[in-house]
Amino acid sequence: MGKITRALLSVTDKTGLLDFAKRLDAQGVELVSTGGTAKMLRDGGLAVRDISDLTGFPEMLDGRVKTLHPKVHGGILHIRSNAEHVAAVNEHAIQPIDMVVVNLYAFEKTASKPGVKLAEIVENIDIGGPSMVRSAAKNYQDVAIVTDAADYTAIADEMEANGGSLSLATKWRLAKAAFATTAAYDTAIANALEKLPEPDGTHEQPATFGDVLPKSLRLNLPLKGTLRYGENPHQKAAVYTDGTDKGIANAKQLQGKELSFNNLVDLDACWDLASEFTEPAVAIIKHTNPCGVATGDTVADAYRNALAADPISAFGGVIGINREVGADAAEEIAKLFVEAIVAPKFTAEAVEVFAKKKNLRLIEIDPAPAKIALKQISGGMLLQDADRGSLADVELKVVTKRQPTPEELTALKFAWTVCKYVKSNAIVYARTHERHGQSVGIGAGQMSRVDAAKFGAQKAVLPLTGTVAASDAFFPFPDGLEVVAHAGATAIIQPGGSVRDNEVIEAADKLGIAMIFTGMRHFRHG
């Protein structure tokens, strides 16, 4: 373990750097730095050597060239135990650099700014930083590469405990993290540029990102944490994050047991469903399928109505709520055993109520609608846009002689939204309750649409007479529609598009029910 005598520091994110640099300085490490980093360290009272003094060459081209020099990379890359390497650097007066502290230009942050110009995106493609990171990581046996401010304290502690040295194990860990950093950075650049149109040759061209499927699927999802197991105890599992603080993967857990694989899947499903509605809404999910969904004037009202739809299945489920949860709603929910609850916010009074149920997971979420859906198949992956389609995207078409009443139309729109989140084949019975939507019976995951209609009716606890029904795909024959009508539904919403649509419409007219076509299908195969 060689003592670290010289460190090169060049960072975009300067969080924690001054304190770290002071600890390096206290151990006699010479600090070499660039531009703004050097200024910040000097302003903090540290002696800093400019990179131009080390290289004998000025920074140039608006900072594009400052560390791309043999005296930088030779100082990093030469193997200290290799006599020929040592002789070469001595011949050219190249001084060793034993530590490199670098984080890269904020490319993703820049690329996501509203109205950003292409030229600004290009200028935020770091060249010197990744080059130094890779050089230092390649020569990990002799050089420590530090790319994460979270490592500063542990590194300084270890150096202070070991006479200014770091163990090979630490350098190896840092090198692996460094290569992951440059891989993620290149992935972000490639993904962003692939969505941009051909440049028009001007520096003022707006960066207009298109909606295209990538030619190569590049994923960079840092490990958030391992899970006890997957869907079943014999399966290993972990959760990975997109690096933001949004969505279920990054939600804040206020209390309760560790979240499981199945908890996370169900929480994602119930949050997505609840967040479809503009009024207060509650979705109770069991095994990714909704068992009770309702809207209301308040969260407490919506919860009571959602629970009433299927109180037996709700036991041991998870709950998604699209509003802040207060004490009144918490008192109601606390009467039921549930695994987890996700909402944008819980009041202090609600948290106090739930604290009596120590195993209950309370999850606060900063929303982030999914943009893509991925599924692994043997030999590859499937990718598609997330299903963000809604009734706002279609023109509803009444195809029957009877028009739906205003109350039926409200219930139909509600049922259609719920149906989107039910495993196919799916039939959802719903009704209006004090002007709001309430599920009544949900037929999920059946191989036959007729069976889905029958199953949904069988699951109903509330009366089916006067309900409406939604089907996630068209009725291929009149038989499924007839089951729905005989169960008590008076109106139906479905995509249409069957070669037998005329037969189905004719059957609806004979039964005296109203039917709407959406022209949009919502298969959900899991």
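Criteria and cut-off values
Residues numbered from 1 in each chain as written. Predicted model: local features only at pLDDT ≥ 70, side-chain atom pairs only at ≥ 80, totals over all residues. Heavy atoms only, no water. UniProt positions renumbered as here; feature names shortened; annotations may be inferred. Pairing = 2+ DSSP bridges. Helix = DSSP H or I, 4+ residues; strand = E, 2+ residues; numbered from the N terminus. Right-handed = clockwise from strand over helix to strand, strands pointing away. Contact = heavy atoms within 4.5 Å. Axes fitted to C-alpha atoms, helices over the stretch in contact; angles between N-to-C directions. Parallel < 35°, antiparallel > 145°, perpendicular 65-115°, else oblique. Left-handed = near helix turned anticlockwise from the far one by under 90°. Nonpolar A, V, L, I, M, F, W, Y, C, P; charged D, E, K, R; others polar.

- Per an unreviewed UniProt entry, the protein carries the name Bifunctional purine biosynthesis protein PurH and comes from Terriglobus roseus.
- On record in UniProt, under Sequence similarities (unreviewed entry), the comment for the protein is "Belongs to the PurH family."

1. Here's the deal with the pairing of strand β2 (residues 30–33)
For step 1, the next point in the chain: Across four bridges, the pairing between strand β1 (residues 6–11) and β2 is parallel. Looking at the pairing, Leu-8 lines up with Val-32 of β2.
For step 2, the next point in the chain: Both β2 and strand β3 (residues 49–50) contribute to a ladder of two bridges, which runs parallel. Its bridge partner lying in β3, Val-32 is registered against Arg-49.
For step 3, the next point in the chain: Following the backbone out of β2, through helix α2 (residues 35–43) and into the adjacent parallel β3, one traces a crossover that is right-handed.

2. Remarks on the sheet that holds β1
For step 1, the next point in the chain: Taken together, five strands build an open sheet; the order of strands is β3-β2-β1-β4-β5 and the sheet is parallel. With partners counted over all chains shown, the strands left at the sheet margins are β3 and β5 (144–146), one partner each.
For step 2, the next point in the chain: Sitting on the sheet, helix α9 (residues 152–161) is in contact with β1, β4 (99–103) and β5, with an inclination near 170° to β4.

3. Looking at the packing of helix α8 (residues 128–138) against helix α10 (residues 168–194)
A pair of packed helices is captured by two measures, namely the crossing angle of their axes and the spacing between those axes.
For step 1, the next point in the chain: Contact pair α8 / α10: the axes reach a minimum separation of 9 Å and the direction vectors enclose 150°. Considering their axes alone, α8 and α10 lie roughly antiparallel with respect to each other. The two elements α8 and α10 cross, and the hand of that crossing is left-handed. Along its contact with α8, which presents Pro-130, Val-133, Arg-134, Ala-137 and Lys-138, the element α10 presents Ala-175, Ala-178, Phe-179, Thr-182 and Tyr-185.
For step 2, the next point in the chain: Among the residues making up the contact of α8 with α10, the classes are represented as seven nonpolar, one polar and two charged.

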